[in-house]
Structure formats: structure tokens, C-alpha cells
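A look at the structure
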Amino acid sequence: MLEHCTLCPRLCGVNREAGEHGFCGADARIRIGLASLHQWEEPCLSGTNGAGTVFFCHCPLGCVYCQNHDISGLDADASGICTDISGLADTFLSLQQRGAHNIDLVTPTQYAAQLTQAIPLARKRGLTIPIVYNCGGYERVETLRMLDGLIDIYLPDFKYYSSYYSERYSRAPDYFDVTVDAIDEMVRQTAEPVIDADGLMRSGTIIRHLMLPNLGSDTAHILRTIAKRWGTEVFVSLMRQFTPCTDLTDYPELLQPITDEAYAEACEQMAFLGLDGWTQDAEAISESFIPHFDGTGVCRAK
Ligand code: SF4
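Now for a description of the structure that goes with this document. Quantities reported herein were computed from a predicted structural model and do not represent experimental measurements.

**Points about the overall build of the chain**
- Of the regular secondary structure elements, the chain holds 10 helices and 10 strands.
- The C-alpha extent of the chain, read off along each of the three principal axes, is 55 × 45 × 35 Å.
- For the chain, with 302 residues in total, the buried portion stands at 54%.
- The long-range share in the chain, meaning contacts at least 24 apart out of those at least 6 apart in sequence, stands at 73%.
- Only carbon and sulfur atoms are counted for the fraction: they give 50% of the accessible area of the chain, which is about 12700 Å².
- Here the chain contributes 22 positively and 40 negatively charged side chains, and the mean placements of these two sets differ by 6 Å.

**Considering the packing of aromatic side chains**
- Applying the stated rule across the entire model yields 15 aromatic pairs.
- Centroid distance Tyr65 to Tyr169: 6.2 Å. Interplanar angle 80°. Geometry classified as edge-to-face. Highlighted residues: Tyr65 in the loop between strand 2 (51-56) and helix 2 (69-72) and Tyr169 in helix 6 (residues 163-170), separated in sequence by 104 residues.
- For Tyr65, a relative accessible area of 5% corresponds to the buried category.
- Taken together, the ring pairs in this structure connect Tyr65, Tyr138, Tyr160, Tyr164, Tyr165, Tyr169, Tyr175, Phe242 and Tyr251 into an aromatic cluster.
- Across from the ring centre of Phe23, 3.7 Å away, lies the NZ or CZ of Arg10, which sits over that ring.

**With respect to the environment of Ala26**
- In this structure, Ala26 sits in the segment before strand 1 (30-38).
- Given a relative accessible area of 0%, Ala26 falls into the buried group.
- Measuring from C-alpha to C-alpha, the distance between Ala26 and Phe242 comes to 26 Å, with 216 residues separating the pair along the chain.
- Beyond its immediate sequence surroundings of up to four residues, Ala26 is in contact with Arg16, Glu20, His21, His58, Gln110 and Tyr111.

**What about the site of the ligand?**
- Residues in contact with the ligand, as listed here, are Cys5, Leu7, Cys8, Arg10, Leu11, Cys12, Val14, Arg16, Gly22, Phe23, Cys24 and Gln110.
- Split by residue class, the shell around the ligand holds eight nonpolar, two polar and two charged.

**Digging into the pairing of strand 8 (residues 201-210)**
- Burial of strand 8 is extensive: eight of the 10 residues sit out of reach of the surface.
- In this structure, strand 6 (residues 153-156) lies alongside strand 8, joined through two bridges in parallel fashion. Bridge pairing in strand 8 links Ile153 to Gly204.
- Across two bridges, strand 7 (residues 194-195) lies against strand 8 in antiparallel orientation. By the bridge assignment, Val194 is partnered in strand 8 with Ser203.
- Counted along the chain from strand 7 to the antiparallel partner strand 8, the turn is five residues long, and its residue Gly199 has a positive phi close to 80°.
- Where strand 8 and strand 9 (residues 235-239) come together, five bridges link them in parallel fashion. The residue of strand 9 that forms the bridge with Arg208 is Ser237.
- Running through helix 8 (residues 216-229), the crossover from strand 8 to the neighbouring parallel element strand 9 is right-handed.

Rules used throughout
- Residue positions are given per chain, counting from 1 as you read along its sequence in written order.
- Per-residue local features of the predicted model are confined to residues with pLDDT of at least 70, and side-chain atom pairs are confined, for both listing and counting, to 80 or more; whole-chain, interface and lining totals are unaffected and use all residues.
- Note that water and hydrogens are dropped before the side-chain values are worked out from all heavy atoms of the structure.
- To qualify as a helix, a DSSP run of H or I must reach at least 4 residues; to qualify as a strand, a run of E must reach at least 2; elements of each kind are numbered from the N terminus.
- The buried label applies to any residue whose accessible area, calculated with a 1.4 Å probe on protein chains only, is under 20% of its type's maximum; exposed applies above 50%, and partly exposed to all values in between.
- Any pair of residues with heavy atoms lying within 4.5 Å of one another is described as a contacting pair.
- Method for areas: the Shrake-Rupley scheme with a 1.4 Å probe, in which residue coverage is limited to the protein chains shown.
- Positive charges are assigned to Lys and Arg, negative charges to Asp and Glu, while His and the chain termini are left out of the count.
- Note on charges: their place is set at NZ of Lys, CZ of Arg, CG of Asp or CD of Glu.
- For Phe, Tyr and Trp, rings pair up if their centres lie within 6.5 Å, where Trp contributes its six-membered ring, and each pair is then called stacked (planes under 30 degrees apart), edge-to-face (over 60) or tilted (otherwise).
- Charge over a ring is defined by NZ of Lys or CZ of Arg lying within 6 Å of the ring centre and within 35 degrees of the ring normal.
- Any residue with at least one heavy atom within 4 Å of a molecule or strand is counted as near it.
- All amino acids are sorted into three groups, where Ala, Val, Leu, Ile, Met, Phe, Trp, Tyr, Cys and Pro are nonpolar, Asp, Glu, Lys and Arg are charged, and the leftover types, Gly among them, are polar.
- At least two bridges found by DSSP between two strands is the condition for calling them paired.
- Handedness of a crossover: with both strands directed away from the viewer, a clockwise path from the first strand across the helix to the second marks it as right-handed.

Written out as C-alpha cells, the structure is:
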């Protein structure tokens, strides 16, 4: 698959085994920025001990406002450390030993081929906690089908309705249609959310929507689409923590906070539509946490 990579909707067709890079910037090596216990996910994922986050380097979406831009861009080869399939499986086991409630794969799409081997290997070595696929939503259904039975919880973003803005901010004018098909497949695989007696999620799909400044109409369309298409088959996480941390000189409209009024309106709409999930209080903006991506917690190839 890596010799002619079509893992994501970019369909680059590059030979990553030969060191070629496509849109995401990843070659055949598994590069990871950080593996750590993380308290900033939804409560049913963070629990008391934290989610076992594995922050992968590179990204097939490349949003201009990315909070993790240190590891998501084409130049991410300067960050994190490389490992192999066995080292990735050991990284999962190490997080489990540290008390993680799940393995939270952050931006995993470009490594989906390696994950089809690493997850079964980790299970064989004793991994019992759920696997979370935490992605930008811009996924190929064919790639998701390869992961059927391996992923317990899907955690996709659902960012844009407008093709103008998905092109402007993520160079993906087809984002909405592609993401609807992808979430259809995720919901088919996981069915309705299951929460255990400790309040931890065991399986299901959580759709995240990060509100962007001045894009209230996209938020309204996204919430209506979720309600109409998946309803209570999914949880919704409505996020207001947008924090500019890249150079957005060319995108001055993004250099504003989400207003309390805009967020309150979206929360009201979410309640009106009968969607179940989480909203954030104002402190979420200052609490949002960007880790230091120095490769800590990653088990190297032996
Ligand atoms: S995973 Fe990377 S190389 Fe492969 S199709 Fe997507 S952007 Fe291109």
C-alpha cells in the first residue's frame, strides 16, 4: 500500500517505501511526536488516569490553523522519533501499563497500513483497552474498511460544510461529502455508543466540531447534518477552544475568538436537535493544552 499510497482522499500515488512524500509528508517510517497520558479529551475518554495518546507526525489535511503544526507539516521529519510496527505495539502496551484508559491514535490516517499490523500484534502481546481513531474526518471509506474490527471508538472531526472554507483552510473542497461518507462507515462499524459502569467509553463514535470564527452558518449546517443523518447513534463534542497558534496573516478573519453569543447559540441548537454529547465552558480556551512533541513515551524499533 505504501508503494502507491492512496490511503487518504488525496490519492497521491507516491512510493513512500522509496522515500517519496505525498501531501501529508510521511514516508514509510512511523514517526511519532509523543506518547503520553492526556487529560484533555472528552470525559469518557480521559477518565481519571488519562487517554493514552499517540501523536503521529504528518497529516493528510494540513489545516492552516493547526494547533499541532510542529508535528503535522511537511517539515515534521525534524520532530518526534521513528519506530516500527513492533515498537508501535510496545508503545501501546507501555501506555496501558501506565494506566491509560484507551489508546488514542491522534492523526493516524497516513499510518493506517501499519496500524492493521500493529494493533493485532499489541492485542497478541496483551493489550486489552479500547483503540480510539482520532482523525480529521477526511478519510477514505476503503481505508476505514481495512480497520473494521480493529478500532473500538471513532473520534472524527467534522469541520466544514462550505467547500469555499474547506478549500481555503484545508485545501479540501470535497471535505463535507467525503467526511459524511467516512462517518457513515464509522457509525456502521461501531454502532451506538457504549459507556461502562465507570463512565468510560468502550465503543462508538464521537463527532467533534471545532467552531471557527465567523463560521456560525457552517456550524448550524454541521449540527443539522449530524442530527438528520446519525442522531443519537453518535455523541457530539461541540468545541470552542479555537486558539490561533500559527501565522494567520493571510487569514485575518480567523484572528478573533469565538464569541460567547455564537457559542451559546450553537449549544442551544445542539439541545434543540436532541444531540447528546459535550459542550465546553469558557475556561476551555485557556485550558487547551499543546504538548511538547519530543518523542517521549515512544518505544523505538529494536
Ligand atoms: S496518506 Fe499521505 S501520501 Fe498517502 S494519499 Fe494521503 S496524503 Fe498522500
